[in-house]
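A structural walkthrough
The primary structure of each chain is shown beneath.
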Amino acid sequence: MVDTKLARILISNDDGIDAPGIKLLEKIARELSPEVWVVAPEQEQSGAGHSLTTRRPLRMVEVCERSYMVDGTPTDCVLLALKRLLRGRPPTLVLSGINSGGNLAEDITYSGTCAAAMEATLFGVPAIALSQEYRDRGAIPWAAAEAFAAEAIRRIVTAAEPWPKDTFFNVNFPSTSPAGVRGFAVTHQGKRVLGDNLTEGTDPRGRHYYWIGPSNHQGGATPGSDLAALADSRVSITPVHLDLTNVPVAAALRPVFE
């Protein structure tokens with residue numbers, strides 16, 4: 001069992017070392033444990049997915065005690081933390097976030113926030129990704145995450161005993177004040193219509209461009225999904241399994257090929 005009071009917590013994100021969400025998560029983590037390390041990207045890496053930097057060297061620079069920035073992706077950050085900075089005594093828990101914006105439905109595959117948790121999971125370290133949904137980027141309701149993140153973390157590490165293999169937990173906080181949060185919901189990954197977030201235009205030199213923006217979602221969320229939970233002002237908690245094998249299909253194929 002992960003005892004948060006004795007845990008060695010590693011924090012990363014995809015919004016960058018100076019993002020307000022990681023500052024909030026560090027504050028929350030220090031309320032849970034006396035030993036907190038931060039290894040985060042030097043610059044924003046939103047949408048980086050589970051990508052590694054392989055075509056150039058990486059640099060990890062100490063910002064202050066137990067806090068480092070890396071000129072790479074969230075996956076790079078966790079890899080360097082586990083295999084170099086904290087080798088010999090790995091963290092007992094990795095927290096990624098708190099992301100500015102939800103990581104819901106298909107976002108999980110694109111998200112650098114979730115990718116940091118994935119990388120930790122591949123190395124057998126318990127991990128939780130946390131994201132704060134918002135409707136207005138100029139008024140992100142961080143207070144919702146601040147009010148419920150610690151409780152979500154505590155409940156997850158208590159319930160996940162032993163920690164499920166190849167699994168991390170994806171937590172999303174609804175876009176509302178703490179008073180408006182209607183509790184927690186254990187959810188499955190939702191599904192949205194893809195490709196509805198492309199903007200076309202012409203730059204000042206007359207060249208055509210496409211700009212990929214945030215996904216749109218207008219109602220119709222499947223009951224029990226992460227999308228439905230946030231629409232109902234609940235904190236969504238989704239266990240995400242990294243084994244992507246479609247087991248029933250594999251079973252059906254074996255008689256044909258074997």
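The present account deals with the structure reproduced in this document. These numbers were taken from a predicted model, which means no experiment stands behind them.

A closer look at the side chain of Thr167
Here Thr167 is to be found in strand 7 (residues 167-173). The exposure class assigned to Thr167 is buried, which follows from its relative accessible area of 9%. In this structure the side chain of Thr167 is engaged in a polar contact, spanning 3.0 Å, whose partner is the backbone oxygen of Lys165. Non-local contacts of Thr167, meaning those with residues more than four positions away in its chain, are made with Thr121, Pro239, Val240 and His241.

Quick word on the layout of surface pockets
Of the volumes computed, that of the second largest pocket is approximately 190 Å³. For the second largest pocket, the full set of lining residues is His50, Ile108, Thr109, Met118, Gln189, Val240, His241, Leu242 and Leu244. For the lining of the second largest pocket, the elements supplying multiple residues, two or more each, are helix 3 (107-110) and strand 11 (235-241). Taken together, the residues that form the lining of the second largest pocket break down as 5 nonpolar, 4 polar and no charged.

Considering the nonpolar core
Core analysis: the largest hydrophobic core is formed by 38 residues, its most contacted members being Ile9, Ile11, Leu95, Ile128, Leu130 and Val171. Counting only elements with at least two residues in this core, the list comes to strand 1 (8-12), helix 1 (20-32), strand 2 (35-41), strand 5 (93-100), strand 6 (127-132), helix 5 (142-159), strand 7 and strand 11. Sorting elements by how many residues they give to this core places helix 5 first, with 10 residues.

Description of the packing of helix 2 (residues 74-85) against helix 4 (residues 112-122)
Close contact between helix 2 and helix 4 brings their axes to 8 Å; oriented N to C, the two are set at 30°. The pairing of helix 2 with helix 4 is recorded here as roughly parallel in orientation. The handedness of the crossing between helix 2 and helix 4 comes out as right-handed. Where helix 2 approaches helix 4, its residues Pro74, Thr75, Val78, Leu79 and Leu82 are matched on the opposing element by Gly112, Ala115, Ala116, Glu119 and Ala120. Across the contact of helix 2 with helix 4, the residue classes tally to 7 nonpolar, 2 polar and 1 charged.

Let's talk about the pairing of strand 7
Among the 7 residues of strand 7, 7 are classified as buried, and the element is accordingly described as predominantly covered. Every second residue of strand 7 is oriented toward a common face, with Thr167, Phe169, Val171 and Phe173 on one face and Phe168, Asn170 and Asn172 on the other, all of them buried. When strand 6 meets strand 7, the two strands line up parallel, connected through 5 bridges. Across the sheet, Gln132 pairs through a bridge with Phe173, a residue of strand 7. Taken together, the 6 bridges between strand 7 and strand 11 define a ladder with antiparallel strand orientation. Directly across from Thr167, in strand 11, lies its bridge partner His241.

Description of the environment of Ser100
Inspection of the secondary structure assignment puts Ser100 in strand 5. It is 6.9 Å that separates the C-alpha atoms of Ser100 and Glu133, two residues lying 33 residues apart in sequence. In this structure, Ser100 is in contact with Asp15, Gln132, Tyr134, Arg137, Ile140 and Trp142, ignoring residues within four places of it in sequence.

Here's the deal with the environment of Trp37
In this structure, Trp37 sits in strand 2. Residue classification places Trp37 among the buried residues on the basis of a relative accessible area of 12%. Here Trp37 is in contact with Arg8, Ile9, Leu10, Ile11, Arg66, Tyr68, Leu85 and Leu86, once residues within four sequence places are set aside.

Digging into the state of the cysteines
The final tally for this structure, using the stated rule, is 0 disulfides. Just so you know, Cys64 is unpaired, no disulfide at all, and the nearest cysteine sulfur is the one on Cys77, 15 Å from it. Cys77 gets classed as buried once you look at its relative accessible area, which sits at 0%.

Considerations on the environment of Gly138
Looking at where Gly138 falls in the secondary structure, it is placed in the loop between strand 6 and helix 5. The class of Gly138 is exposed, set by a relative accessible area of 73%. Residues Gly138 and Ala221, 83 residues apart in the sequence, show an inter-C-alpha distance of 26 Å.

Section: helix 5
The terminal C-alpha atoms of helix 5 lie 25 Å apart, and with 18 residues this matches the ideal 26 Å at 1.5 Å per residue to within 8%. Its axis deflected by about 40° at Phe148, helix 5 carries its strongest bend there. Where helix 5 is concerned, the buried positions are Trp142, Ala144, Ala145, Phe148, Ala149, Ala150, Ala152, Ile153, Ile156 and Val157. If you follow the buried residues of helix 5, they end up packed against helix 1, strand 5, strand 6, strand 7, strand 8 (184-186) and strand 11.

Calculation criteria
Residues numbered from 1 in each chain as written. Predicted model: local features only at pLDDT ≥ 70, side-chain atom pairs only at ≥ 80, totals over all residues. Heavy atoms only, no water. Helix = DSSP H or I, 4+ residues; strand = E, 2+ residues; numbered from the N terminus. Buried < 20%, exposed > 50% of the residue type's maximum accessible area, 1.4 Å probe, protein only. Polar contact = N/O pair within 3.5 Å; in protein donor to acceptor, adjacent residues only side chain to side chain. Contact = heavy atoms within 4.5 Å. 1 Å grid on protein atoms, 1.4 Å probe; cavity = no way out; pocket = protein on both sides within 12 Å on 5 of 7 lines; lining within 4 Å. Points joined across faces, edges and corners; volume = space filled by probe spheres on them. Nonpolar A, V, L, I, M, F, W, Y, C, P; charged D, E, K, R; others polar. Core = buried A, V, L, I, M, F, W, Y, C linked by side-chain atoms within 4.5 Å. Axes fitted to C-alpha atoms, helices over the stretch in contact; angles between N-to-C directions. Parallel < 35°, antiparallel > 145°, perpendicular 65-115°, else oblique. Left-handed = near helix turned anticlockwise from the far one by under 90°. Pairing = 2+ DSSP bridges. Disulfide = S-S within 2.5 Å. Expected span 1.5 Å × (residues − 1). Bend = angle between axes of the 7 residues up to and from the residue.

Just geometry here; none of it tells us what the structure is for.
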